[in-house]
Amino acid sequence: MNRLFENQSIVITGGGRGIGKAIAFSFAEQGASIAICGTNESILKETASELESKGCVVMWKKADVSIKEDVENFSDEVLKKFDKVDILVNNAGIARDNLLIRMSEEEWNSVLNINLKGAFLVTKSLIRPMMKAHYGRIINIASVIGIRGNMGQANYAASKSGLIGFSKTIAREFATRNITCNVIAPGYIQTEMTHNLDEKLKTKILEQIPLGFLGESCDVSEAVLFLASKSARYITGQVLCVDGGMVI
Ligand code: NDP
């Protein structure tokens, strides 16, 4: 069988669990080699061995995307192992919700540092080999909250809006090198991040989703695969909402 991403190497930040893990498995099924990072070593190790048991070549390293030194060490190891990076998925992200009036500087900084500065550091550390190869696919995972805003999420919305602006700029700066950069803006996807929503809030959220159900990680990973595939070669600087119609 012809697999779509045979001989390609993919870096996925936050690939140990949640949406990032689903993305890793979708690429692995299509023959790609995978590098994942995150801050939880045991989760990364477990996911890496699950991927290996499916015949995938995997590299993992504990790295906090908001720390430059961690990112550089991770990138060095990725390039040592794979020699090139075809696809980068900036997926690592956190939420620390609070109304603005109560939001601490620490809550603001941690979300901006991981969700936005993290994507900057990782992209910067891996863009040179893509430039050299005259090929690259960068897919950044933002959120519909970065488009619509949301009560209690000033930090998160700012980070995801920032990620959209960042991505559009990367798309322009590197287009002549055949490097595309696109954004996926998921709506509500069932993962640990949304696990703790109370039932009342869930019902309220469902009322805003025309398709009437919460998304799953595979809905996002399928969209990532599309944007990384040959079928999307003429698409760059775009935001694809995977949200059941929340943003129309
Ligand atoms: P999870 O909380 O399930 O997973 C978050 C991932 O990010 C984990 O793999 C975690 O790894 C990693 N991560 C967190 N902090 C860091 C850090 N400092 N350095 C490196 N990795 C880190 O979230 P989801 O899977 O739901 O979210 C994935 C992405 O999708 C995020 O960017 C999120 O904002 C976005 N998103 C999610 C939505 C949803 O409804 N679930 C909706 C819209 C967007 P570790 O624990 O090892 O650090």
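Source: prediction; values computed, not measured.

Enquirer: Sorry if this is basic, but what is going on with the nonpolar core here?
Expert: Buried together is how nonpolar side chains tend to be arranged in soluble globular proteins. Core analysis: the biggest nonpolar cluster contains 43 residues, and Val-11, Ala-35, Phe-74, Val-78, Leu-88 and Ile-138 have the highest contact counts within it. Looking at this core, the elements that each hand over two or more residues are strand E2 (33-38), helix H3 (68-82), helix H4 (105-133), helix H6 (154-174) and strand E6 (179-186). If we skip the residues at most four places from it in the chain, Val-11 touches Ala-35, Phe-74, Val-78, Val-85, Ile-87, Leu-88, Val-89 and Leu-126. Formed by 31 residues, the second largest nonpolar core is a distinct cluster that contains Ala-28, Leu-44, Val-58 and Val-89.

Enquirer: What exactly am I supposed to notice about the site of the ligand here?
Expert: The full set close to the ligand counts 28 residues, and Thr-39, Asn-91, Tyr-156, Ile-189 and Thr-191 are the nearest of them. Asn-40 is positioned such that a nitrogen or oxygen atom in its backbone is 2.9 Å from an oxygen atom of the ligand. In this structure, Thr-191 approaches the ligand through a side-chain N or O atom, which is 2.5 Å from an oxygen atom. Coverage of the ligand by the protein chains reaches 94% of its 880 Å² of free accessible surface. Counting only elements with at least two residues in the shell around the ligand, the list comes to helix H1 (18-29), H6 and helix H7 (192-195). Among the residues making up the shell around the ligand, the classes are represented as 13 nonpolar, 11 polar and 4 charged.

Enquirer: Any chance you could explain the packing of H3 against H4 here in plain terms?
Expert: Helix-helix packing is described using two parameters, namely the angle between the two axes and the distance between the axes. The N-to-C vectors of H3 and H4 enclose an angle of 30°; their axes lie 9 Å apart at closest approach. Considering their axes alone, H3 and H4 lie roughly parallel with respect to each other. At the point where H3 passes H4, the crossing takes the right-handed sense. Residue-level contacts link Lys-68, Val-71, Ser-75 and Leu-79 of H3 to Leu-121, Val-122, Ser-125, Leu-126 and Pro-129 of H4. Of the residues assigned to the contact of H3 with H4, the class counts are 6 nonpolar, 2 polar and 1 charged.

Enquirer: I would appreciate a short explanation of the packing of aromatic side chains in the present structure.
Expert: The relation between two aromatic rings is expressed through the spacing of the ring centres and the mutual angle of the planes. Applying the stated criterion across every chain, the model contains 1 aromatic pair. Between Phe-5 and Phe-27 the ring centres are 4.9 Å apart and the planes differ by 75°, which places this aromatic pair in the edge-to-face class. Of this pair, Phe-5 sits in the segment before strand E1 (9-13) while Phe-27 sits in helix H1, placing them 22 residues apart in sequence. In terms of burial, Phe-5 and Phe-27 fall into one category: buried.

Enquirer: Sorry, what's going on with H1 here?
Expert: With 12 residues, H1 extends 17 Å between its outermost C-alpha atoms, agreeing within 8% with the 16 Å of an ideal straight helix rising 1.5 Å per residue. Where H1 is concerned, the buried positions are Ile-19, Gly-20, Ala-22, Ile-23, Ala-24, Phe-25, Ser-26, Phe-27 and Ala-28. Of the residues flanking the end of H1, it is Gly-31, one or two places downstream, whose phi is positive at about 90°.

Enquirer: Even after reading the chapter, I still don't get H6, so can you show me in this structure?
Expert: Each turn of an α-helix holds 3.6 residues, which means side chains three or four residues apart point in the same direction. Under the 1.5 Å per step criterion, the end-to-end length of H6 is 30 Å for 21 residues, consistent within 8% with the ideal 30 Å. Considered for burial, the residues of H6 that qualify are Asn-155, Tyr-156, Ala-157, Ser-159, Lys-160, Leu-163, Ile-164, Phe-166, Ser-167, Ile-170, Ala-171 and Phe-174. Those residues of H6 that are buried lie in contact with H4, strand E5 (136-141), helix H5 (145-148), E6, H7 and strand E7 (239-242).

The rules we used
Residues numbered from 1 in each chain as written. Predicted model: local features only at pLDDT ≥ 70, side-chain atom pairs only at ≥ 80, totals over all residues. Heavy atoms only, no water. Core = buried A, V, L, I, M, F, W, Y, C linked by side-chain atoms within 4.5 Å. Buried < 20%, exposed > 50% of the residue type's maximum accessible area, 1.4 Å probe, protein only. Helix = DSSP H or I, 4+ residues; strand = E, 2+ residues; numbered from the N terminus. Contact = heavy atoms within 4.5 Å. Near = heavy atom within 4 Å. Polar contact = N/O pair within 3.5 Å; in protein donor to acceptor, adjacent residues only side chain to side chain. Areas by Shrake-Rupley, 256 points an atom, 1.4 Å probe, with all protein chains shown as cover. Nonpolar A, V, L, I, M, F, W, Y, C, P; charged D, E, K, R; others polar. Axes fitted to C-alpha atoms, helices over the stretch in contact; angles between N-to-C directions. Parallel < 35°, antiparallel > 145°, perpendicular 65-115°, else oblique. Left-handed = near helix turned anticlockwise from the far one by under 90°. Phe/Tyr/Trp six-rings, centres within 6.5 Å; stacked < 30°, edge-to-face > 60°. Expected span 1.5 Å × (residues − 1).

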